[in-house]
Amino acid sequence: MNPGGLLSGRGAAPQRVSRTLLALTAIADLLFPALEGEGRGERPALDARLCGGFWRAVQEGLTDGDCLCRKRARYLLKRAVEVSDQLRVDCACPQDIGNEPSLFWWSVEKHDKLLQFWENYILIMEALEGNQIHVIKPVLPKLNSLYEYAVSEKDCWLFHPSWHMCIYKRMFENENKTLTKKGVIQFLDLYETKHLPNSPGFSEFIIGPLMDALSESSLYGRSPGQLIGACPPLGMKLQKFLSTYLTLLPEEEKSSFLLKFIQKMTSRHWCAVPILFLSMALACIPSCKALGTEGLHVLRDVLQCTMITHQILLRGAAQCFLLQTAMHLTDVETVSLLEISSFLMSLRPEESLSRGTVLWMEVCNWLCTHDRCFKKTINCHVEHQERSSLSVYVCTLVEDYLKTPASKRENCFMPDWFEAKLVATMIVLAADVEEMKNKYSEKRNIERVELKAFLHPLLAVLLKLGTNAYIPTLKTDKSLQLLLKLLQTCSLKQATPQDDGVLNFVSNSILTAAESILKFVLRRLTTSELNTVSDLDRCNLYLALLSELVNLCSKAGWKKGPFVCSFVSSLINASIQNLQETGNEQEPKVGEQIQKVVSMASITMICKIIDQKPELQLESLHVVETLKSFISSFQLNQVLKKPSCIEETNSLFEESTSAQGWGKIVASYVHDQWVCLCFNLNKYNTFIPLSNDGTQELSSTIQRQIRMLQSALEALTLLPSDQVLPVFHCMKVLVPKLLGSSESLCINAFDLAWKVVSSLSNTQLIFWSNLKGFVQFVFDTEVLAVAASSKGRAYSKIKEIILKLVEMSTARTGVFNTVLSYCCQSWLFPTSDHTSALENPFSNAGNYSELITEACVFGTIFRRDQRLIQDVHTFVENLGDECAANVVTESTNRDDHYVRVCAIKFLCLLDGSNTLHKMFMEDLVTKLLDKDELVSKSRTRYYVNSLQHRIKNRLWQTLLVIFPKLDQNFLAGTLDKIFQTGFGNNQASIKYLIEWIIILILHRYPQFLGKFWNCFCYGEDKLKTSICTFLSVLSHFDIILENISEQKPVLKKALLVVLQWCFNHNFSVRLYALVALKKIWGMCKALCVEEFEVLTPVIESSLHQVENMHCAGNARKNWQRIQDHFFFATFHPLKDYSLETIFYTLPRLSELIEDEWIPLCKFTRYTDISLPAAFHWFHSRTELLNLKSSDWSQQDMGSGLVAMDNQSEWTDVQKKIIPWKDSSADLDLDLVFQDRAAKLGKSNSRLIVVASLIDKPTNLGGLCRTSEIFGASALVVGSLHYINDKQFQYLSVSAEQWLPLVEVKPSQLVDYLQQKKTEGYTIIGVEQTAKSSDLTDYCFPEKSLLLLGNEHEGIPANLIQHLDVCVEIPQQGIIRSLNVHVSGALLIWEYTRQQLIKQNQLK
């Protein structure tokens, strides 16, 4: 039945659900059967509990986005449960289709179990209305108990599972992401911890609300205490859940579920992190035949989604996992090799599927294993039964690819690259499969029959290219495209060519056709055959192929050398001749302009080949001199005028020669000019030859250089950002030569170049190449040296750029890394041209030392989302070579930690005996100490892990690395500053570093001990906050004594110093002094010094007392803890001196935030600067590395360590007493209370608080706490079972142990109130009535009983007549009710206040 016709089927619109619930709430009294005593007149008897539409509306309301709608749904649910509870009659809503239970049912037999289930359910739904996790968290354990009621012993659902889904949906959509994450993880745990029956609703819920929640990146953060680079908890849970759920799912449902799951991954824009972990979870599903052709198509769509993110490593890893998913889950009998190959084309070889990786071998193995299982295609020839399916498919693929119809060349456009990429990839895969089979069969003579068959059709075309001018253009294009892709796919990043049989066979085969190909390319590039816009794509193809062929020839022992030299000479001559020709400049023809672009591009490629392949010795050719002269003479930034005449036959040309299209062509033309000029400047470094007198010619050369630099500035304004790199490279050569004579022009160059770089987003790939070019030009060693020598405007401008780059790096992770890496390498390992220009490039380090200073204190300061990306990056990197993305993607070293790693490795390579190095280190130490002083004086809050704390920690870590390289003279002047820092207010991690440095200095130079002893002579005011630092140094006095010959006097001095602090009034100071005393006295006894025997009784008794007499309280615990602390028990200042201890172990043990831990692997992974093999201080000792962070927290303030002896120091500390659980629970309640009250000095109050009508544990817990604090004589509750509720205990904080609780059920209240009246109590109701008294006017009798009403209904009418008076709280606002706990607390306080005034008056 449908009550009132209000309800419709499933999936009603939210607005309609809201209106429906509004109407149902309004007629709620009519929706259910009448209870006993209720009169309904002659209205029809309805029962909404039997209507499926009613319950679907309630469920939709419970998860609605509107809080009022949810409240109405909860109200209707409560009314239905209440009616069922009171009627106690069996009922059931009709079942939906399937074997699942009814949406609602009631059974008299299971009455208690049903009531408990629904009460817990409603409680959870109400708690979820809050957004504070600490309020919701105590209720969540009840969610697990719901499943105990919901599943029968026969593993069947007793309650419809959709009710559970409502709870999770509310959690997933909560504004508090912590609650969302908790809900998601709890749901994923279900199938691991609970054996739940299958339900179609679960699958729908997973694909719907669960996946919507999983799209939130913030859920994938590390849990507290989890190491950086570990898989986040949600990632691990997701893997286990999907594997378990798929295993339990019926076979016939697996395919449908997985297909919908993967489709969901394409239904929205997913960020890099969620798509990565979802892909990883899919890859971990056990192999099964679940996906067919449609599944492959959907996976391909997901691969397209991964390309959206700019996080290259993450999207590459996601591609790897999705490919593994396809191999594990595809039913190979339902898909063809054509469909497999099309799917593989969605993967980027530069990010995932690249030859030589583990993933590539997995694909080869998968193809080999399932070779005979793939669905046959019509195209494949069936007569080759003896050959593998893959081999037949690839042969057919190559033949079909090269079968091209003849077409008119002038209307033929370049074919798409997709098909060439597909064919090339499948050829190489099939060749590697053949290689794998041969390896397993252990054949000695490998003929590679299949690879030869694959290449035969291609070679047949290539061999004819040089001689047959009538081959269709489309065929030549496709064959050359395939050749280029084949060479690129074959290449291996990690293996040597000699070890790669497939690559060698392909290379040797192609070399047979090299002359034919080069003849064809030469003809096409030089005979005006390329004369349309579409031909520019062909030009790029030919030039890319030329580079690959020259590379092949150089590796093959230069057998084709003479022909290549002839080719290069002919191409240079023809290109120069074409560029020098002048046509009709007023009305240029399309063909002429296009040919000029082709010729300039050809010369550019030749310049690159000469530069990158010096072993070919092409520069010895006579024509190269002609090329040099031509480049020196051509006009820079020369543009090509847009042709005015457009051929009617070429419709595409009109679009391509639009302003924007022709602009790109011109930009490419200008770009190539600068590439050629850069080749000339770098390769030959000449401008115009000087004559013998030279003066005039020198002036002319400078003027030419100035014009070049001016042209470079013009080019930066003309060219788009992706074309300016060669201009930067030219400026790198020009600026050092002009900085002295044309400083203003060079500064303009700096400004304009910075404007280009800073305008780019770091998500654009060109940003990083342009930044690198900018850094190489501005921070060139010669530029820096010339600017520093004059200390002029250029020097200031470079310093300004340094500050701008540091500022930019705070928002763009990786910027500082690029700058610092280049500078450190060029200063330490200068190239030959740098050394000729400078006497010593390292002098730049001293002139620009702020770069290293800033690097030493640089750290992770990015936002939470950026930190998440860094964590996931580290996780993927930790997967190693098993994840192909780590192998094929270029390591960017953009982690913020790498800035400090680079700086520290740079400092490790410095030599104290080198004068320049020594001066630089001394200057750096001075600047770091000054920076420490400046940070310490700043007004920013200084707390644990604050930015101020982290900067100081990084600073002292750097100082610890440098100090062993400093000499005695410098330390003599610096030591006082170090000691002064010991007197400061420092956090624990910094104290350890300062103490360590002092120990190392005194160990190496014991002559400084006099200065150290002076530190103990300051006044009490200065020492009380810092003496522990110097006492900690004495606890390692054995290290300091190692280089002292006469140890007895020094020991005596140390003993006398320590003894005076053993009797200090401050407990923490005494602890540190006793630790030092124990160490020093042990050394004295070992030396058997007679003059110390007088002190033996005093010292031995002191140590004996501290060991044995502190038998109770915190004193003994603290003594044991400080002795076990790593700094005193395990740490060895000399043996533990290592990079790992300084940057990883010590920060971890001193509880510094994890962002500050730099693991040793980052020092080894960062290869831009390598430490010598003899470098020995890398690792921490195992004993220290295995320790966990200690609970002893060393503080600066002497009063902040442990429990103090002086009680006055507790005056401003918050103290909350949580008393011990009462052990005399069986005694009479009144006697126990009196005993407690006597102990606390409380008087027996005569106030009774009656809360029997209150049923929420939270309100009762708060009232219990309030009543106990204000000394009420008793709290009356409806049931003593409430005190066992965790919510009650959470709010009462054990007040129930100190306050008498009396149980009076609501039905017994009338009798209880009558009894109290006879005892002389005034019954006071907290209620608003017509005759109620104002709280501010009412005078409470001594014997008062407060009756509090129910949270929703107040005090029932039948009890109001038993009240002596009603008191109401005056209100000023619009809302006319307070929370019952708050109301009770106000009246309890007012009663207490009045009684206290009366007592004071009596006194």
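Only a predicted model underlies this, so the values are computations on that prediction, with no experimental measurement involved.

Asker: Requested: an account of the overall build of the protein chain, with residues and values cited.
Answerer: A tally of helices and strands in the protein chain yields 64 helices and nine strands. For the protein chain, the proportion of its 1403 residues judged to be buried stands at 55%. Counting contacts in the protein chain only where the partners sit at least 6 residues apart, residues at least 24 apart contribute 75% of the total. Summed over all atoms, the accessible surface of the protein chain reaches about 63,400 Å², with 52% contributed by carbon and sulfur.

Asker: I'd love a proper account of helix α27 (residues 622-633), names of residues and values included.
Answerer: If you check α27, its first and last C-alpha atoms are 18 Å apart, about what 12 residues at 1.5 Å a residue would give, namely 16 Å. For α27, every residue scored as buried is listed here: Val-623, Val-624, Leu-627, Lys-628, Phe-630 and Ile-631. Along the axis of α27, the buried residues cluster in a sector spanning 165°; they form a single face. For α27, the exposed residues set more than 90 degrees away from the buried face come down to His-622 and Ser-633.

Asker: Lay out the nonpolar core with the relevant residues and their values.
Answerer: Core analysis: the biggest nonpolar cluster contains 424 residues, and Phe-187, Met-731, Phe-779, Phe-906, Phe-1012, Leu-1034 and Phe-1037 have the highest contact counts within it. The element that contributes the greatest number of residues to this core is helix α52 (residues 1067-1087), accounting for 13 residues. Ignoring sequence-local partners within four residues, the contact set of Phe-1037 consists of Leu-1009, Trp-1013, Val-1050, Leu-1051, Ala-1054, Ile-1080 and Met-1083. Formed by 28 residues, the second largest nonpolar core is a distinct cluster that contains Leu-1260, Ala-1295, Leu-1299 and Leu-1335.

Asker: Give a detailed account of the sheet that holds strand β7 (residues 1333-1334), specifying residues and quantitative values.
Answerer: Spatially, β5-β4-β3-β8-β6-β9-β7 is the arrangement adopted by the seven strands of the open sheet, whose pairing is parallel. Since the sheet does not close on itself, it has two edges, and those belong to β5 (1301-1303) and β7, each with one partner. Relative to strand β8 (residues 1344-1347), strand β6 (residues 1322-1326) is paired through four bridges, and the arrangement is parallel. Residue Gly-1325 lies in a different strand from β8, and its bridge partner there is Leu-1347. Along the sheet, helix α60 (residues 1257-1269) makes contact with β3 (1247-1251), β4 (1274-1277) and β5, crossing β4 at roughly 165°. Across the sheet, helix α62 (residues 1309-1318) touches β3, β4, β6 and β8, and the angle it forms with β8 is around 160°.

Asker: I'd like a description of the pairing of β8, backed by residues and values.
Answerer: Both faces of β8 are covered, namely the face carrying Ser-1344 and Leu-1346 and the face carrying Leu-1345 and Leu-1347. For β3 and β8, the ladder comprises four bridges, and the chain directions are parallel. Its bridge partner being in β8, Val-1250 is matched across the sheet by Leu-1347.

Asker: Talk me through unusual backbone geometry; I want residue IDs and the actual numbers.
Answerer: Notably, Ser-528 is not glycine yet its phi reads approximately 60°, a positive angle. Position of Ser-528 among the secondary structure elements: in the loop between α23 (514-526) and α24 (535-555). Look at Asn-637: it is not a glycine, yet its phi comes out positive at around 60°. Relative to the elements of secondary structure, Asn-637 occurs in the loop between α27 and α28 (651-656).

Asker: If you had to explain the confidence of the model for the protein chain to someone new, which residues and values would you point to?
Answerer: Of all residues in the protein chain, 85% have pLDDT values of 70 or greater, and the mean over the chain is 82. Note that residues 1-11 has pLDDT below 50 and, in this model, 25 contacts with residues that lie over four places away or in other chains. The model gives residues 646-658 a pLDDT under 50, and that stretch makes 17 contacts with residues more than four places away or in other chains.

Asker: An account of the environment of Val-733 is requested, with residue identities and associated values reported.
Answerer: Tracing the backbone shows Val-733 in helix α31 (residues 725-738). By relative accessible area, which is 13% here, Val-733 ends up buried. Note: C-alpha distance between Val-733 and Gln-705 (28 residues apart in sequence) is 9.7 Å.

Asker: Requested: an account of the pattern of salt bridges, with residues and values cited.
Answerer: Applying the stated rule across the entire model yields 44 salt bridges. A salt bridge links Arg-222 to Glu-1154; the nearest nitrogen and oxygen atoms lie 2.3 Å apart. Taken together, the residues Arg-222 in the loop between α10 (200-214) and α11 (233-248) and Glu-1154 in the loop between α56 (1139-1149) and α57 (1160-1165) connect sequence positions 932 residues apart. The exposure classification of Arg-222 matches that of Glu-1154, with both residues buried. Overlapping salt bridges, with partners in common, bring together Arg-70, Arg-74, Glu-129 and Arg-170 in one network.

Asker: Quick rundown of the side chain of Ser-602? Include the residues and the values.
Answerer: Mapped onto the secondary structure, Ser-602 falls in helix α26 (residues 590-612). When near neighbours in sequence (up to four residues on either side) are disregarded, Ser-602 contacts Leu-525, Leu-543, Leu-571 and Ser-575.

Asker: Can you explain the packing of aromatic side chains? Please cite residues and give values.
Answerer: Inspection of the entire model under this criterion finds 65 aromatic pairs. Ring centres of Phe-117 and Tyr-121 lie 6.2 Å apart, and the angle between their planes is 25°; on these two criteria the pair is classed as stacked. Of this pair, Phe-117 and Tyr-121 both sit in helix α5 (residues 111-127), separated by four residues, roughly a single helical turn. Neither Phe-117 nor Tyr-121 differs from the other in exposure class; each is buried. Ring centres 5.4 Å apart and planes at 10° place the aromatic pair Tyr-220 and Phe-277 in the stacked group. Residue Tyr-220 is found in the loop between α10 and α11, and its partner Phe-277 is found in helix α13 (residues 272-283); the two are separated by 57 residues along the sequence.

Asker: Tell me about a nonpolar patch on the surface, and please be specific about residues and values.
Answerer: A surface patch of nonpolar side chains, about 370 Å² in accessible area, is lined by Ile-1269, Phe-1270, Trp-1389 and Leu-1396. Here Ile-1269 shows up in helix α60. Overall, Ile-1269 belongs to the exposed group, its relative accessible area being 52%.

Asker: Got a sec to walk through the pairing of strand β9 (residues 1365-1368)? Specific residues and values, please.
Answerer: Here β6 pairs with β9 via three bridges, running parallel. Across the sheet, Gly-1325 pairs through a bridge with Cys-1366, a residue of β9. One ladder, built from two bridges, connects β7 with β9; its direction is parallel. Along β9, the bridge assignment pairs Ser-1333 with Val-1367.

Asker: Please set out the environment of Gly-1354 residue by residue, giving values where relevant.
Answerer: For Gly-1354, the location among the structural elements is in the loop between β8 and α63 (1357-1360). Here Gly-1354 falls in the buried class, since its relative accessible area comes to 15%. The spacing of Gly-1354 and Leu-1253 is 101 residues in sequence and 8.3 Å in space, taken between C-alpha atoms. Aside from chain neighbours lying at most four places away, what touches Gly-1354 is Leu-1253, Glu-1327 and Gly-1349.

Asker: With reference to specific residues and values, describe the side chain of His-1132.
Answerer: If you trace the backbone, His-1132 turns up in the loop between α55 (1126-1129) and α56. Side-chain polar atoms of His-1132 contact the backbone nitrogen of Lys-1135, separated by 3.1 Å. Discounting residues that sit within four places of it in the chain, His-1132 has contacts with Ile-1039, Tyr-1137 and Arg-1181.

Conventions used here
- Residues numbered from 1 in each chain as written.
- Predicted model: local features only at pLDDT ≥ 70, side-chain atom pairs only at ≥ 80, totals over all residues.
- Heavy atoms only, no water.
- Helix = DSSP H or I, 4+ residues; strand = E, 2+ residues; numbered from the N terminus.
- Buried < 20%, exposed > 50% of the residue type's maximum accessible area, 1.4 Å probe, protein only.
- Contact = heavy atoms within 4.5 Å.
- Areas by Shrake-Rupley, 256 points an atom, 1.4 Å probe, with all protein chains shown as cover.
- Expected span 1.5 Å × (residues − 1).
- Arc of directions from axis to C-beta.
- Core = buried A, V, L, I, M, F, W, Y, C linked by side-chain atoms within 4.5 Å.
- Pairing = 2+ DSSP bridges.
- Axes fitted to C-alpha atoms, helices over the stretch in contact; angles between N-to-C directions.
- pLDDT = per-residue confidence, 0-100.
- Salt bridge = Lys/Arg side-chain N within 4 Å of Asp/Glu carboxyl O.
- Phe/Tyr/Trp six-rings, centres within 6.5 Å; stacked < 30°, edge-to-face > 60°.
- Patch = residues over 30% accessible without salt bridge, like charges linked within 9 Å, V, L, I, M, F, W, Y side chains within 5 Å.
- Polar contact = N/O pair within 3.5 Å; in protein donor to acceptor, adjacent residues only side chain to side chain.

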